[in-house]
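# Chain and residue survey
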Amino acid sequence: NKVYPSAQAALGDLVQDDITIASGGFGLCGIPEQLIEALRQSGKRGFTIISNNCGVDEFGLGPLLHSRQIRKMISSYVGGNKEFERQYLAGELELEFTPQGTLAEKLRAGGAGIPAFFTRTGYGTLIAEGKETRQFDGEWYVMEHALTADLALIKGARADRAGNLMFNKTARNFNPLCAKAGRICVAEVEEIVEVGELDPDEIHLPGIYVQRLVLNPHPEKRIEVRTVRADDGLDP
C-alpha cells in the first residue's frame, strides 16, 4: 500500500533545499497540482525544476516562481508566464533551454541508465554551444547528457494501491518520463482501486516506478486559452 493521506504527508520527508525535481505536465495538462501546492507550502527553496514549461502565473509551477522557491528551470517552452520572463530577464532565474524532443529524450535516457546520446537537433545553434559535436554518416550531431532527479512529481488518472498507473489521454505527456528519471516518484491520481482491478494491458506505468500515491479526486483541470471564432453570420 503506497497511499498517503495527503500531498503534504507524501512529500514531508522528501523535500529539501536545493534538490532537483522532475515535474510532469504539458502546458496545463497532466499537472500534479496538489503536489506542487504541497511543495510550495514546504517553504523549501533553491529547487532545480525539470519540466516542459512552468505553468502560468497563478497555476501549476507558476506560484513557485512568485514564492522564489525555484533557482533554475530546465524547460522547453517558456512562454505564457510573465513572472518567468521577468525573473529570467532580470537575472534572477537560471534557465537551461532545451528543445522539446531533446528534453523528452534526456529524461528517457536518465530513466534507462543511458548517460548521454547524440542528436542532430540544435546543431549550429546556441543550443550546441559548449557541447561536444560529432559527425556520423556525413551529418553533424550534438551530444546531450541525460537528466535524472531527486524527486519526480507526476499526475495520473487511476492507480491501484501498488502504484500501477493509468493516464488519461494526453496527460501521459512527460509524466512517465519524469517518473522513470526520478529517484523517488510521488504520483497524484484521481482514483485509487484495489490491486487486481486494473487490466494489465491498460497499465501505462508499472508500480515499480512509483513509490508514493496521493488521491486528488477533484482536480481543477484548467485549459490554457479558450479561443472561439467571431460570429460572422455564416453557417459552418
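Description of the structure in this document. Quick caveat, the model's predicted, so the values are computed rather than measured.

The biggest cluster of nonpolar side chains holds 30 residues, and the ones touching the most others in it are Leu11, Ile21, Leu39, Ile70, Leu151, Leu153 and Val186. For this core, the elements supplying multiple residues, two or more each, are α1 (7-11), α2 (33-42), β3 (47-50), α3 (62-66), β4 (70-75), β9 (149-160) and β11 (182-193). Sorting elements by how many residues they give to this core places α2 first, with 4 residues. Excluding anything up to four places from it in sequence, valine 186 contacts Ala10, Leu11, Leu14, Leu35, Leu151, Ala152, Leu153, Ile154, Arg212 and Val214. In this structure, Ile50, Phe174, Val210 and Leu213 belong to the second largest nonpolar core, which totals 22 residues.

With respect to the element layout, phenylalanine 117 can be found in strand β6 (residues 116-119). Separated by 25 residues in sequence, phenylalanine 117 and valine 142 place their C-alpha atoms 8.2 Å apart. The residues contacting phenylalanine 117, other than those within four sequence positions of it, are Thr102, Glu105, Lys106, Ala109, Val142, Met143 and Glu144.

A few words now on unusual backbone geometry. Even without being a glycine, aspartate 18 presents a positive backbone phi close to 70°. Among the secondary structure elements, aspartate 18 is positioned in the loop between α1 and β2 (20-23). Residue classification places aspartate 18 among the exposed positions, given a relative accessible area of 55%.

Another point: empty space enclosed by the protein. Within the structure shown, the criterion is met by 1 cavity of 30 Å³ or more. By volume, the largest cavity amounts to about 50 Å³. For the largest cavity, the full set of lining residues is Ser23, Gly24, Gly25, Gly27, Ile31, Ile36, Ser51, Asn53, Gly55, Gly60 and Leu61. Here the lining of the largest cavity is built from residues that sort into 3 nonpolar, 8 polar and no charged.

Here the focus is the packing of aromatic side chains. One pass over the structure, following the stated rule, counts 3 aromatic pairs. Residues phenylalanine 118 and phenylalanine 136 carry aromatic rings whose centres are separated by 5.2 Å and whose planes lie at 65° to one another, so their mutual orientation is edge-to-face. Highlighted residues: phenylalanine 118 in strand β6 and phenylalanine 136 in strand β7 (residues 133-136), separated in sequence by 18 residues. Overall, the relative accessible area of 26% leaves phenylalanine 118 in the partly exposed class. Relative accessible area serves as the criterion here: at 33%, phenylalanine 136 is assigned to the partly exposed category. On the numbers, 5.8 Å between centres and 5° between planes, the contact of tyrosine 123 with tryptophan 140 is stacked. Residue tyrosine 123 is found in the loop between β6 and β7, and its partner tryptophan 140 is found in strand β8 (residues 139-145); the two are separated by 17 residues along the sequence. Members of the aromatic cluster, each reached through a chain of ring pairs, are Phe118, Phe136 and Tyr141.

Reading guide: rules and limits
- Residues numbered from 1 in each chain as written.
- Predicted model: local features only at pLDDT ≥ 70, side-chain atom pairs only at ≥ 80, totals over all residues.
- Heavy atoms only, no water.
- Core = buried A, V, L, I, M, F, W, Y, C linked by side-chain atoms within 4.5 Å.
- Buried < 20%, exposed > 50% of the residue type's maximum accessible area, 1.4 Å probe, protein only.
- Helix = DSSP H or I, 4+ residues; strand = E, 2+ residues; numbered from the N terminus.
- Contact = heavy atoms within 4.5 Å.
- 1 Å grid on protein atoms, 1.4 Å probe; cavity = no way out; pocket = protein on both sides within 12 Å on 5 of 7 lines; lining within 4 Å.
- Points joined across faces, edges and corners; volume = space filled by probe spheres on them.
- Nonpolar A, V, L, I, M, F, W, Y, C, P; charged D, E, K, R; others polar.
- Phe/Tyr/Trp six-rings, centres within 6.5 Å; stacked < 30°, edge-to-face > 60°.

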